[in-house]
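# Structural overview for review
One letter stands for each residue in the lines below.
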Amino acid sequence: MPDMKFDASAPVQLLPIVMPAPAVPPLGEWHGRGLCIGDDPDVFFPSHGDPGTQARQICAACAVRDDCLKFAIDADEFGIWGGLDQDERRKLRRRQRRKEATVYGKTRQSEGAA
């Protein structure tokens, strides 16, 4: 193995710092079929205090609402997606997790009783 020597006068090459981005699920083919396509994005990202009524009405009539809502829950998106805002989606996800935990717990209990 060659003897490596440190040369303090040699230029130092700095490497860029790269932070991994959070994993975001792909939008999927459903996105192009949404009723929101072509609408003003500001409608779906209302200012603080605005309930986003117009966005919620569009979402209520949309055929891909469930896919949109699932994406937004998985990606933890901002704004109105699937008719719900971020806080509403987080509450929905917590309820789903509690329900899954209850079903899982009952299944495990019934297996142990057999």
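The rules behind these values
Residues numbered from 1 in each chain as written. Predicted model: local features only at pLDDT ≥ 70, side-chain atom pairs only at ≥ 80, totals over all residues. Heavy atoms only, no water. Patch = residues over 30% accessible without salt bridge, like charges linked within 9 Å, V, L, I, M, F, W, Y side chains within 5 Å. Areas by Shrake-Rupley, 256 points an atom, 1.4 Å probe, with all protein chains shown as cover. Salt bridge = Lys/Arg side-chain N within 4 Å of Asp/Glu carboxyl O. Lys, Arg positive; Asp, Glu negative; His and termini not counted. Charge placed at Lys NZ, Arg CZ, Asp CG, Glu CD. Helix = DSSP H or I, 4+ residues; strand = E, 2+ residues; numbered from the N terminus. Buried < 20%, exposed > 50% of the residue type's maximum accessible area, 1.4 Å probe, protein only. Phe/Tyr/Trp six-rings, centres within 6.5 Å; stacked < 30°, edge-to-face > 60°. Core = buried A, V, L, I, M, F, W, Y, C linked by side-chain atoms within 4.5 Å. Contact = heavy atoms within 4.5 Å. Arc of directions from axis to C-beta.

### Some thoughts on a positive patch on the surface
On the surface, K91, R94, R95 and R98 cluster together to form a positively charged patch. The residue R95 is located in helix α3 (residues 86-113) in this model. Residue classification places R95 among the partly exposed positions, given a relative accessible area of 47%.

### A look at the packing of aromatic side chains
Scanning all chains against the criterion turns up 2 aromatic pairs. Pairing F71 with W81 gives two aromatic rings, centres 5.2 Å apart and planes at 40°, and the pair type is tilted. Here F71, found in helix α2 (residues 65-75), pairs with W81, found in the loop between α2 and α3; they are 10 residues apart in sequence, far enough to count as distant.

### Re the nonpolar core
Grouped together as the largest cluster of nonpolar side chains are 8 residues: W30, C62, V64, C68, F71, A72, A75 and W81. Contacts of V64, omitting those with residues within four sequence positions, involve W30, R33 and G34. Counting residues in each nonpolar core, the second largest holds 6 residues, with V43, F44, I58 and I80 among its members.

### A short note on unusual backbone geometry
The backbone of D76 shows a phi angle near 55°, a positive value even though the residue is not glycine. Residue position: D76 is located in the loop between α2 and α3.

### Comments concerning helix α1 (residues 53-60)
Considered for burial, the residues of α1 that qualify are A55, I58 and C59. The buried side chains of α1 occupy one side of the element, clustering within an arc of 100° when seen end-on. The exposed residues of α1 that point more than 90 degrees off its buried face are Q57 and A60. Elements in contact with the buried residues of α1: α2.

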